Amino acid sequence: MTLISPLVRPTEELLSLLPTPISPLRRIANFLQGLVDTLRKREVSWAVIAEQLGVSRQSAWERFS
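The structure contained in this document is the topic of the report that follows. (Residues numbered from 1 in each chain as written. Predicted model: local features only at pLDDT ≥ 70, side-chain atom pairs only at ≥ 80, totals over all residues. Heavy atoms only, no water.)

## Looking at the overall build of the protein
Argument step 1. A tally of helices and strands in the protein yields four helices and zero strands.
Argument step 2. For the protein, the α and β elements follow one another from N to C terminus as α-α-α-α.
Argument step 3. Its C-alpha atoms put the protein at 50 × 25 × 20 Å along the principal axes.
Argument step 4. In the protein, which comprises 65 residues, the proportion classed as buried is 9%.
Argument step 5. Across the protein, the centroid of the 8 positively charged side chains sits 5 Å from that of the 6 negatively charged ones. (Helix = DSSP H or I, 4+ residues; strand = E, 2+ residues; numbered from the N terminus. Buried < 20%, exposed > 50% of the residue type's maximum accessible area, 1.4 Å probe, protein only. Lys, Arg positive; Asp, Glu negative; His and termini not counted. Charge placed at Lys NZ, Arg CZ, Asp CG, Glu CD.)

## Focus: the pattern of salt bridges
Argument step 1. Applying the stated criterion across every chain, the model contains one salt bridge.
Argument step 2. In this structure, the salt-bridge partner of E13 is R9, at a minimum N-O distance of 3.4 Å.
Argument step 3. When its relative accessible area of 33% is taken as the criterion, E13 is described as partly exposed.
Argument step 4. Judged by relative accessible area, R9 falls into the partly exposed class, the value being 25%. (Salt bridge = Lys/Arg side-chain N within 4 Å of Asp/Glu carboxyl O.)

## Topic: helix 3 (residues 46-53)
Argument step 1. All of the buried residues in helix 3 are W46, I49 and A50. What you see down the axis of helix 3 is that its buried residues fit within an arc of 100 degrees, all on one side. Exposed residues on helix 3 whose side chains face more than 90 degrees from its buried face are E51 and Q52.
Argument step 2. Where helix 3 is buried, its residues meet helix 2 (19-41) and helix 4 (57-64).
Argument step 3. Directly beyond the C-terminal end of helix 3, a positive phi value near 80 degrees is found at G54. (Arc of directions from axis to C-beta. Contact = heavy atoms within 4.5 Å.)

Listed below in structure tokens is the structure:
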């Protein structure tokens, strides 16, 4: 399969590609939010969740609360 540079593709084709990666990213974000919500309902601390995510407790709280 030969990859064609975006510079030589028609504008309409490039525009049609834009929604493709957004939908899976939204699904992943929603799934992750659901996991965090469930963990919080189980009284798992923000510190434990943040450690698993590899971020600070504050970052986890700001992103998922």
